[in-house]
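So the chains spell out like this:
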Amino acid sequence: DVKVTQSSRYLVKRTGEKVFLECVQDMDHENMFWYRQDPGLGLRLIYFSYDVKMKEKGDIPEGYSVSREKKERFSLILESASTNQTSMYLCASSRVYNSPLHFGNGTRLTVT
Amino acid sequence: ELKVEQNPLFLSMQEGKNYTIYCNYSTTSDRLYWYRQDPGKSLESLFVLLSNGAVKQEGRLMASLDTKARLSTLHITAAVHDLSATYFCAVGLIFPTSGTYKYIFGTGTRLKVLA
């Protein structure tokens, strides 16, 4: 079974802090994704990557950046955390470009 | 802009009853996905529907796809408490110029099955 591991289950950060969310997958998947999940809004795509060092903006990239230095690891960076970035963050990967996504358990981030 | 709409957003139903969740999307898509999310857990893939008229079934859940109407349905037969979860549909979209592929999710349907 594919495993997608997010480094933290819960995080509490202060406004203005730089925040790193880490995601690792163990099945050599090409594609990796970061979503945020908010009540009533479903999942919204922040960034995705289809290859090492490649990244594409999703629908809500503002205030975020990403890094993919190795195939198995995809990091989401909040350059200067703000309270409106309080959310559940979900990392996912897919084997090829249109296969089903495999999700991590999520990181619930609170920015105070 | 691709929009994916699910309805209802909330559904409370009695055990043993049947019901359908609807997923409408606004533009041509590569394929349609259904996921389940249990409370406090992450999303788990249920079905992938590839073409018009596709139907897939697992247990009490059956998903279908009508690409002409841009509509997918998730039908629940004789609901049981264990089906209580949030169900998401997602649409796959290819961007020909960049060759990239995005998964766009609906807002989710929160299902509660009452004993």
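Just above sits the structure.
Just so it is clear, the structure is predicted and the values come from calculations on it, not from any experiment. (Residues numbered from 1 in each chain as written. Chains lettered and ligands numbered in written order. Predicted model: local features only at pLDDT ≥ 70, side-chain atom pairs only at ≥ 80, totals over all residues. Heavy atoms only, no water.)

### Brief notes about the overall build of chain A
For the record, the criterion: Secondary structure is summarised from DSSP: a helix means a run of H or I of at least four residues, a strand means a run of E of at least two, and numbering begins at the N terminus for each. Just to be clear, the radius of gyration here is over C-alpha atoms, and the globule rule we use is 2.2 Å times residues to the power 0.38. Exposure is judged per residue with a 1.4 Å probe applied to protein chains only, and the accessible area is read against the type maximum: over 50% gives exposed, under 20% gives buried, and values in between give partly exposed. A contact between two residues is defined here by any heavy atoms of the two lying within 4.5 Å. Only the protein chains shown count as cover for residues, and the accessible areas themselves come from Shrake-Rupley with a 1.4 Å probe. The convention is simple: Lys and Arg are positive, Asp and Glu are negative, and His and the chain ends are not counted. Charged groups are reduced to one reference atom each: NZ for lysine, CZ for arginine, CG for aspartic acid, CD for glutamic acid.
A count of helices and strands for chain A gives zero helices and twelve strands. From first element to last, N terminus to C terminus, chain A shows the α and β order β-β-β-β-β-β-β-β-β-β-β-β. Expected size for 112 residues packed as a compact globule is a radius of gyration near 13 Å; at 13 Å, chain A falls within 12% of this value. Taking the principal axes of the C-alpha coordinates as reference, chain A spans close to 35 × 25 × 25 Å. Buried residues in chain A amount to 48% of all 112 residues. Taking as baseline every contact in chain A between residues at least 6 positions apart, the subset at least 24 positions apart corresponds to 55%. On chain A, roughly 5,500 Å² of surface is accessible, and the fraction owed to carbon and sulfur atoms is 49%. Taken as two groups, the 16 positive and 14 negative side-chain charges of chain A have centres that lie 5 Å from each other.

### So, the pattern of salt bridges
Here is the rule: When a carboxyl oxygen of Asp or Glu lies within 4 Å of a side-chain nitrogen of Lys or Arg, that pair is called a salt bridge.
Enumeration according to the criterion identifies nine salt bridges over all chains in this entry. Connected through salt bridges with shared partners, the residues Asp 28, Glu 30 and Lys 71 of chain A form a single ionic network.

### A look at the sheet that holds strand β8 (residues 71–76) of chain B
Residue and element names in this part refer to chain B. The condition is simple: In this analysis, strands are considered paired if DSSP registers two or more bridges between them. For helices, the axis comes from a line fit to the C-alpha atoms of the stretch in contact; other axes are also lines fit to C-alpha atoms, and the angle between any two N-to-C directions lies between 0 and 180 degrees.
Spatial strand order, β1-β3-β8-β7-β6: five strands in an open sheet with antiparallel pairing. Strand pairing shows two members of the sheet lacking a second neighbour, β1 (4–7) and β6 (55–58), which therefore form its edges. Taken over all neighbouring pairs, the strand axes of this sheet differ in orientation by 15° on average, direction set aside. The sheet contact formed by strand β7 (residues 61–66) and β8 spans six bridges and is antiparallel. If you follow Ser 64 over to β8, its bridge partner there is Thr 73.

### Some remarks on the packing of aromatic side chains
To keep things clear, this is the line we draw: A pair of aromatic rings is counted whenever rings of Phe, Tyr or Trp (Trp by its six-membered ring) have centres within 6.5 Å, and the orientation is called stacked for planes under 30 degrees apart, edge-to-face for over 60 and tilted otherwise. Note on criteria: charge over ring means Lys NZ or Arg CZ within 6 Å of the ring centre, with the direction from the centre no more than 35 degrees off the ring normal.
Per the counting criterion, the structure on display carries 13 aromatic pairs over all chains. Between the aromatic rings of Phe 33 of chain A and Tyr 35 of chain A, the centroid separation amounts to 6.4 Å while the plane-to-plane angle is 25°, which identifies the pairing as stacked. For Tyr 35 of chain A, a relative accessible area of 0% corresponds to the buried category. Aromatic ring contacts, followed pair by pair, group Phe 33, Tyr 35, Phe 48 and Phe 103 of chain A together with Tyr 33, Tyr 35, Phe 88, Tyr 101, Tyr 103 and Phe 105 of chain B into a single cluster. Taking NZ or CZ as reference, Arg 9 of chain A lies 5.9 Å from the ring centre of Tyr 10 of chain A, over its face.

### Focus on the environment of Gly 59 of chain B
Residue and element names in this part refer to chain B. Turning to its location among the elements, Gly 59 is positioned in the loop between β6 and β7. Residue Gly 59 is classed as exposed on the basis of its relative accessible area, which comes to 61%. With 18 residues separating them along the chain, Gly 59 and Thr 77 place their C-alpha atoms 8.7 Å apart.

### A word on the interface of chain A and chain B
Just so we agree on the cut-off: Buried area, as used here, totals the accessible surface that two parts lose on assembly, with accessibility defined by a 1.4 Å probe and the loss added over both.
Across the boundary between the two partners, chain A contributes 25 residues, which contact 20 residues of chain B. Together chain A and chain B conceal approximately 1,800 Å² of surface at their shared face, both sides included; 56% is due to carbon and sulfur atoms. The largest per-residue losses of area from chain A upon contact with chain B belong to Leu 43, Tyr 97 and Asn 98 of chain A, which jointly make up 27% of the total buried on that side. Applying the counting criterion to the chain A and chain B interface returns one salt bridge. Note that Lys 102 of chain B is salt-bridged to Asp 59 of chain A, the shortest N-O span being 3.0 Å. Where the side of chain A that touches chain B is concerned, the elements lending two or more residues are β5 (31–38), β6 (42–49) and β10 (87–94) of chain A. Ranked by residues supplied to the side of chain A that touches chain B, first place goes to β6 of chain A with four residues.

### Remarks on the pairing of strand β12 (residues 107–111) of chain A
Two faces make up the sheet, and in a regular strand the side chains alternate between them. Residues and elements named next belong to chain A. Burial along β12 is one-sided: Thr 107, Leu 109 and Val 111 are buried, while Arg 108 and Thr 110, pointing the other way, are not. Taken together, the four bridges between strand β2 (residues 10–13) and β12 define a ladder with parallel strand orientation. When the bridges of β12 are listed, Val 12 appears paired with Thr 110. In this structure, β10 lies alongside β12, joined through three bridges in antiparallel fashion. From the neighbouring strand, Ser 87 faces β12, where its bridge partner is Leu 109.

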